[in-house]
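# Overview (structure and organization)
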Amino acid sequence: MTDSSPPPAGPPAASPPPAREDASVEECRAVLAPAFAREPATRWICGDSADVRERWFAATLTTQATLAGARRTVLTDAPHGAPVAAAVLTPPGAEPSARAATAWTLAVLRHCGPRALLRTLRYLHVTEPRTPPGAWTLEFLGVAQHARGRGAGGRLLTHVVDTVPARVGVFLTTADPANEALYEHFGFGVLARTGLGDLTVTAMWRPGRGGG
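The structure reproduced in this document is the subject of the present report. Model, not experiment: these values are computed from the prediction. (Residues numbered from 1 in each chain as written. Predicted model: local features only at pLDDT ≥ 70, side-chain atom pairs only at ≥ 80, totals over all residues. Heavy atoms only, no water.)

### What to know about the nonpolar core
One recurring pattern in soluble globular proteins is that nonpolar side chains are buried together. Among the nonpolar cores identified, the biggest contains 32 residues, and M1, C28, L32, W56, F57, V108 and F140 are the most heavily contacted of them. Looking at this core, the elements with two or more residues in it are α1 (25-35), α2 (40-46), α3 (50-64), β3 (83-90), α4 (98-112), α5 (114-127) and β7 (199-206). Among residues more than four places away in sequence, those in contact with V108 are W56, A59, G113, A116 and L117. Core analysis: the next-biggest nonpolar cluster, separate from the first, contains 22 residues, V84, L89, L156 and L157 among them. (Core = buried A, V, L, I, M, F, W, Y, C linked by side-chain atoms within 4.5 Å. Buried < 20%, exposed > 50% of the residue type's maximum accessible area, 1.4 Å probe, protein only. Helix = DSSP H or I, 4+ residues; strand = E, 2+ residues; numbered from the N terminus. Contact = heavy atoms within 4.5 Å.)

Okay, here's the thing in structure tokens:
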């Protein structure tokens, strides 16, 4: 599930912000929850409540961080060091433990409600089988509102695809049709489109050095 924030063109920042690996869950949540306010799949799951969206991201990112090899990368504002864009990736075949999955279920049910829980599970049921074996999954990529239009999303996505050790490549899904052209600009191709409620979920894949 990815945000529509990495434009392929736009005026560059005066000093490109550096990428920083191993960002905290809180740093990523602080960027991603507001960035996904209008993303179709997130709205389908969380509705229009900012509180529900914040809590959903907190629970989901906390669970993803339990996975061995999981990556959380941010671009920071060069003068101040504050994150302006964040990307979250899951390594091939990684699944949460039973304990972590139960904790996520209870957290989402308690803080976000049964609708958010059931719709997340439906989304995963549709998207996870599309993942090419051995591929990394780009779970989220988003840019802070004040940093949009300055190329931060594109720089972060370039960093991700250039540095992730993905011989088979990188996989993502999006429910925003505008994303397809943006990700195609960075080498992703469409694998499949699937209807889910009012959404059309597009699975995309960028082959790695050993894939394709």
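### What about α3?
The end-to-end C-alpha distance of α3, which contains 15 residues, comes to 21 Å, matching closely the 21 Å that a straight helix rising 1.5 Å per residue would cover. Within the sequence span of α3, burial applies to V52, R53, W56, F57, A59, T60, L61, T63 and Q64. Here α3 starts with a cap whose side-chain oxygen sits 3.4 Å from the backbone nitrogen of D51, and that cap is S49. (Expected span 1.5 Å × (residues − 1). Polar contact = N/O pair within 3.5 Å; in protein donor to acceptor, adjacent residues only side chain to side chain.)

### Focus on the side chain of R29
Mapped onto the elements, R29 comes out in helix α1. A residue is classified by how much of its surface remains accessible, and R29, at 15% relative accessible area, is buried. If we skip the residues at most four places from it in the chain, R29 touches P34, E54, F57, A58 and L61.

### Details of the pairing of strand β2 (residues 71-76)
Where burial is concerned, most of β2 is hidden: 5 out of the 6 residues are buried. Direction of pairing for strand β1 (residues 19-20) relative to β2: antiparallel, over a ladder of 2 bridges. By the bridge assignment, R20 is partnered in β2 with V74. Looking at chain direction, β2 and β3 are connected through 6 bridges and run antiparallel. Of the residues in β3, the one forming a bridge with T73 is A87. (Pairing = 2+ DSSP bridges.)

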